[in-house]
Amino acid sequence: MAKGNKRISISDLAEQLGLSISTISRALNNASDVSEATRQQVWALAEKLNYRPNTLAAALRKGRSNMLGVIVPHINGAFFPAVVHGIEEVASKAGFSVMICQSNEDEAQEKKHIEALLNAQVDGVLVSMSNTTRDLSHFEKVRHQATPLVFFDRMPALQNACGVVVDDYRGAYQVMEHLIKQGCRRIAHLAGPQTINTTFDRHRAYHDALLAHNLPYNAQLVIPLAGSGTAAGAAAMQQLLARTPRPDAVFSAYDFAAAGALQAIEEHGLRVPQDMALVGFSNEPFTTMIKPQLTSVDQRGQLMGEVAVQLFLQILKRTEYFTGQRIVLKPTLIIRNSSLREQIGASLV
């Protein structure tokens, strides 16, 4: 018997049963050249001693771990969990297990996860980079080791990078066109970090849509968010409400920040949308549970995860160098009461 907390190995099984290591290995893999009696004997002892195969050693022997590493910035809200669900659905059908890591928007933590995943001999890495990441050397390391690397949602400015994104620019532009059609002319923007492609494109669309409709771009109406949560949204909205004249509409880069903005607006005795229209981005589940229901942009998270794995599988099948492929999904603007003017009818959702 193995002593202490020592992990049971094939060698331990072989020693106790008086069989060769190769026979034990073949029995555990149900090889046809091992008798049924021997297989039953091996499996019985393996179960008794709680034997677990060393998957990393097997991966090194086979050159394949059937493991896919995934790094997300966080699992707050519904978007990244939806992406992970899509990843797991397709990966499982393709015979891959999924190892999930959170960077918590920390570049150093992201680098540690990359190192751990490479050490675990994963067959591919899917990552949505943190909003603090500036040095891209850890991503280059993945590619130099010939491990397929697929980005999703957030993509760095990395030559020939492969990834799946939603068209944030298009989604935000649709928001602005909708607000302008509602008669809004002084539209504010609660902006996310301009260092990542997603919120950079949302701000860019905000800017371009104003100019395209002959409306001025006023930097005083753009408030950088100190985070994506409700507290950040409420604090940013307080700044806007202190300015004269106040905006007649607010486009938030995040739904949770929009919810915080809604609280601040109502605390000032103002009504949404009659006094101020409000739109978010992500289509979080809570957007239909608040009053008024929040207009938002659906980022199609589950589909993004599914397509990211499909792209990884394409890369895995190629023998030649795979040049960058960027797949862009179309967003959907979900119009609800928070952005509809009173005369259009509060019954519309």
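Residues numbered from 1 in each chain as written. Predicted model: local features only at pLDDT ≥ 70, side-chain atom pairs only at ≥ 80, totals over all residues. Heavy atoms only, no water.

1. Focus on the side chain of glutamate 105
- Following the sequence through the fold, glutamate 105 ends up in the loop between β2 (97–102) and α6 (107–119).
- Of note is the side chain of glutamate 105, whose polar atom sits 2.8 Å from the side chain of arginine 154.
- What glutamate 105 contacts, discounting residues up to four positions off in sequence, is Pro73, His74, Ser130, Asn131, Thr132 and Arg154. (Helix = DSSP H or I, 4+ residues; strand = E, 2+ residues; numbered from the N terminus. Polar contact = N/O pair within 3.5 Å; in protein donor to acceptor, adjacent residues only side chain to side chain. Contact = heavy atoms within 4.5 Å.)

2. Some words on the confidence of the model for the chain
- In the predicted model, the chain carries a mean pLDDT of 91, and 91% of its residues have values of at least 70.
- Long-range and interchain partners of residues 344–349, a stretch whose pLDDT sits below 50, account for 8 contacts in this model, where long-range means more than four residues apart. (pLDDT = per-residue confidence, 0-100.)

3. Let's talk about the packing of aromatic side chains
- In this structure the tally under the stated criterion is 7 aromatic pairs.
- Consider the rings of tyrosine 206 and tyrosine 217, whose centres lie 6.0 Å apart with planes at 70 degrees: the pair is edge-to-face. Of the two residues, tyrosine 206 is situated in helix α9 (residues 197–212) and tyrosine 217 in the loop between α9 and β7 (222–224); the sequence distance between them amounts to 11 residues.
- Taking the relative accessible area as the measure of exposure, tyrosine 206 reaches 0% and is therefore buried. (Phe/Tyr/Trp six-rings, centres within 6.5 Å; stacked < 30°, edge-to-face > 60°. Buried < 20%, exposed > 50% of the residue type's maximum accessible area, 1.4 Å probe, protein only.)

4. A few points about the pairing of strand β8 (residues 249–252)
- Residue alternation in β8 divides its side chains into two sets, Ala249 and Phe251 and Val250 and Ser252, and both sets are buried.
- Here strand β6 (residues 187–191) pairs with β8 via 4 bridges, running parallel. By the bridge assignment for β8, leucine 190 is matched with serine 252.
- Pairing between β8 and strand β9 (residues 277–279): 3 bridges, direction parallel. Counted as the bridge partner of alanine 249 is alanine 277 from β9.
- Read from β8 through helix α11 (residues 255–267) to β9, the crossover connection turns out right-handed. (Pairing = 2+ DSSP bridges. Right-handed = clockwise from strand over helix to strand, strands pointing away.)

5. Let's talk about the domain arrangement of the chain
- Parsing the chain into structural domains produces domain 1 (11–53), domain 2 (64–167 + 301–330) and domain 3 (168–299).
- The C-alpha-based centres of domain 1 and domain 2 are spaced at 37 Å. (Domains from an automatic or database assignment.)

6. A word on the pattern of salt bridges
- Counted by the stated rule, this structure contains 10 salt bridges.
- Glutamate 36 is the partner of arginine 39 in a salt bridge, and the nearest nitrogen-oxygen pair spans 2.7 Å. Here glutamate 36 and arginine 39 lie together in helix α3 (residues 36–48), a separation of 3 residues that amounts to about one turn.
- Given the relative accessible area of 16%, arginine 39 is considered buried. (Salt bridge = Lys/Arg side-chain N within 4 Å of Asp/Glu carboxyl O.)

7. With respect to the nonpolar core
- Within the largest apolar cluster, 46 residues are counted, with the highest numbers of intra-cluster contacts made by Leu179 and Met237.
- Elements with a minimum of two residues in this core: α8 (168–181), β6, α9, β7, α10 (230–241), β8, α11 and β9.
- Among residues more than four places away in sequence, those in contact with leucine 179 are Cys184, Ile187, Ala249, Phe251, Ala277, Val279 and Ser339.
- Of all hydrophobic cores here, the second largest spans 25 residues; its members include Leu68, Val83, Cys162 and Met304. (Core = buried A, V, L, I, M, F, W, Y, C linked by side-chain atoms within 4.5 Å.)

8. Examining the packing of α8 against α9
- Across the interface, α8 lies against α9 with an axial gap of 8 Å and an inter-helix angle of 40 degrees. For α8 against α9, the interelement crossing comes out right-handed. The residues of α9 that touch α8, namely those facing Asp168, Tyr169, Ala172, Tyr173, Met176 and Ile180, are Thr198, Asp201, Arg202, Arg204, Ala205, Tyr206, Asp208, Ala209, Leu210 and Ala212. (Axes fitted to C-alpha atoms, helices over the stretch in contact; angles between N-to-C directions. Left-handed = near helix turned anticlockwise from the far one by under 90°.)

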